[in-house]
Amino acid sequence: MASFKLQVVWGNDNSQRLTFSDGMPASLNVLSKKIENECGLQGQQFHLQNMDKDFNEFMNLTSVSDLADKDTINAEFRRITTLPLQSKFLSQLDRFSDDLLKVFTKKGGVIRKRIQDVMVPMSQNTTIETKRECILKGLCIYLNEDPQDLVREYLDVDPASTEADIKKTVLGVYVVKHEFADATEDPEDIGIVLEGVEVLSGLGNVALATAMLLGLIYSLNLTYPQELRYTFEVLQKIILELDSHKLSAKAQALKTKLFT
């Protein structure tokens, strides 16, 4: 079970440490209400701190996203669903990859050309991480959604511009690449953005970052972004086999093709 510790501070010298065993709250407002009730602080001013693992001390909490890390997301997702998020997502994505590629090739017109374009890195870099990334981007296009809404890519030449764009991003994966890097070189950084805040970094590859993003959305009970609703539906209900009894027509059509 994913738990976290908070230190609640009010007044000049009053504080209380609390441990929450139910996982991450949906928002700071929800968390504050729980603390008000737990500490009897209705009507009083207080601020929140959590244990920062880098500095090993309590730091002011400014967003619920400060509570997110990869281990917590994995543990919280398992608490809610009983499924191991990371291993389940990656193994299932690998399981469906070849069948998805076959389905992709049957698309025609502009969609087929766009899918072919995002598959090019697979011929330049044969790692499983590259294949997974291409499959995820191809899935977005197949479902008539834009992979750039899922994965935003930047070069390391203009950090200020990258930071400004990330601040405008509601939800997604970011990838920072070296300016002259080829397809075989690892990106400088891969992470997750939530409400304009980098909540996770150093994730290593796009598939892992997508798994963590899906787990974060699911654990916080957030709504899937409208522009990626079919992609996330397929990842949740077909890839992870969660709540798969009710599918949209588009997801059902893809599932039928994958299983026939």
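Everything below is about the structure printed above this text.
Position numbers for residues count from 1 along each chain, tracking the sequence in the order it is written. Restriction of local features to residues with pLDDT of at least 70 applies here, the model being predicted, together with a cutoff of 80 or more for giving and counting side-chain atom pairs; totals for whole chains, interfaces and linings are based on all residues. The basis for the side-chain values is all heavy atoms of the structure; hydrogens and waters are excluded.

Asks: Could you give an account of the overall build of the chain, with specific residues and numbers?
Replies: By the criteria applied, helices consist of DSSP H or I runs no shorter than four residues and strands consist of E runs no shorter than two, each listed in order from the N terminus. Helix and strand content of the chain: 11 helices and 8 strands. The 260 residues of the chain split such that 47% are buried. Put simply, of all contacts in the chain between residues at least 6 apart along the chain, 52% involve residues at least 24 apart. Counting every atom, the chain has about 13,800 Å² of accessible surface; 46% of that belongs to carbon and sulfur. Under the scheme applied here, a residue whose accessible area is under 20% of the maximum for its type counts as buried, over 50% as exposed, and between as partly exposed, the area being computed with a 1.4 Å probe on protein chains only. Every residue pair with non-hydrogen atoms within 4.5 Å of one another is taken to be in contact. To measure how exposed things are, a 1.4 Å probe is used in the Shrake-Rupley method; for residues, cover is taken only from the protein chains shown.

Asks: Got a sec to walk through the packing of aromatic side chains? Specific residues and values, please.
Replies: Aromatic ring pairs are defined here through the distance separating the ring centres and the angle between the ring planes. Working definition: a ring pair exists when centres of Phe, Tyr or Trp rings (six-membered ring for Trp) sit within 6.5 Å. Plane angles under 30 degrees give stacked, over 60 give edge-to-face, the rest tilted. With the rule as written, the count across this model stands at 4 aromatic pairs. Geometrically, a lysine NZ or arginine CZ counts as sitting over a ring once it is within 6 Å of the ring centre and also within 35 degrees of the ring normal. Lying over the aromatic face of Y142, K107 brings its terminal NZ or CZ to 5.1 Å of the ring centre.

Asks: Tell me about the nonpolar core, and please be specific about residues and values.
Replies: Counting residues in each nonpolar core, the largest one holds 58 residues, and the members touching the most others are F89, M212, F232 and L254. For this core, the element with the highest residue contribution is helix 9 (residues 206-219), accounting for 10 residues. By convention a nonpolar core is built from buried Ala, Val, Leu, Ile, Met, Phe, Trp, Tyr and Cys residues, the set being connected through side-chain atoms within 4.5 Å. With 5 residues, the next largest nonpolar core counts I166, Y174, V176 and V193 among its residues.

Asks: Could you give an account of the sheet that holds strand 8 (residues 197-200), naming the residues involved and the relevant values?
Replies: In space, the 4 strands of this open sheet follow the order 5-6-7-8, with mixed pairing throughout. Where the open sheet ends on each side, the last strands, each with one partner, are strand 5 (151-155) and strand 8. The average angle at which neighbouring strand axes cross in this sheet is 40°, direction not considered. In this scheme, strands are said to pair when DSSP sees at least two bridges between them. In this sheet, strand 6 (residues 171-177) lies alongside strand 5 in parallel orientation, the contact comprising 5 bridges. Paired with Y154 across the two strands is V176, which belongs to strand 6. Against the sheet, helix 8 (residues 159-167) makes contact with strand 5, strand 6, strand 7 (189-194) and strand 8, and its axis sits at roughly 165° relative to strand 5, the strand it touches most. Between N-to-C directions, angles cover 0 to 180 degrees, with each direction set by a line fitted to C-alpha atoms, over the stretch in contact for helices.

Asks: An account of the side chain of T231 is needed here, citing residue identities and associated values.
Replies: Mapped onto the secondary structure, T231 falls in helix 10 (residues 229-239). If we ignore the near neighbours within four places in the chain, the residues touching T231 are L139, C140, L143 and E145.

Asks: Account for helix 6 (residues 128-142), with residues named and values stated.
Replies: Counting along an α-helix, one turn takes 3.6 residues, and residues three or four places apart therefore face a common direction. By this rule, a helix spans an expected 1.5 Å times one less than how many residues it contains. The end-to-end C-alpha distance of helix 6 is 21 Å, a good match for the 21 Å that 15 residues give at a rise of 1.5 Å each. Counting buried residues along helix 6, 12 of its 15 residues qualify, which places the element largely inside the surrounding structure. Downstream of helix 6 by one or two residues, N144 has phi in the positive range, about 65°.

Asks: Mind laying out the environment of D149, listing which residues take part and the relevant values?
Replies: Tracing the backbone through its elements, the reader meets D149 in helix 7 (residues 147-150). Its relative accessible area of 23% is what places D149 among the partly exposed residues. Separated by 79 residues in sequence, D149 and L228 place their C-alpha atoms 7.2 Å apart. Non-local contacts of D149, meaning those with residues more than four positions away in its chain, are made with L171, E227 and L228.

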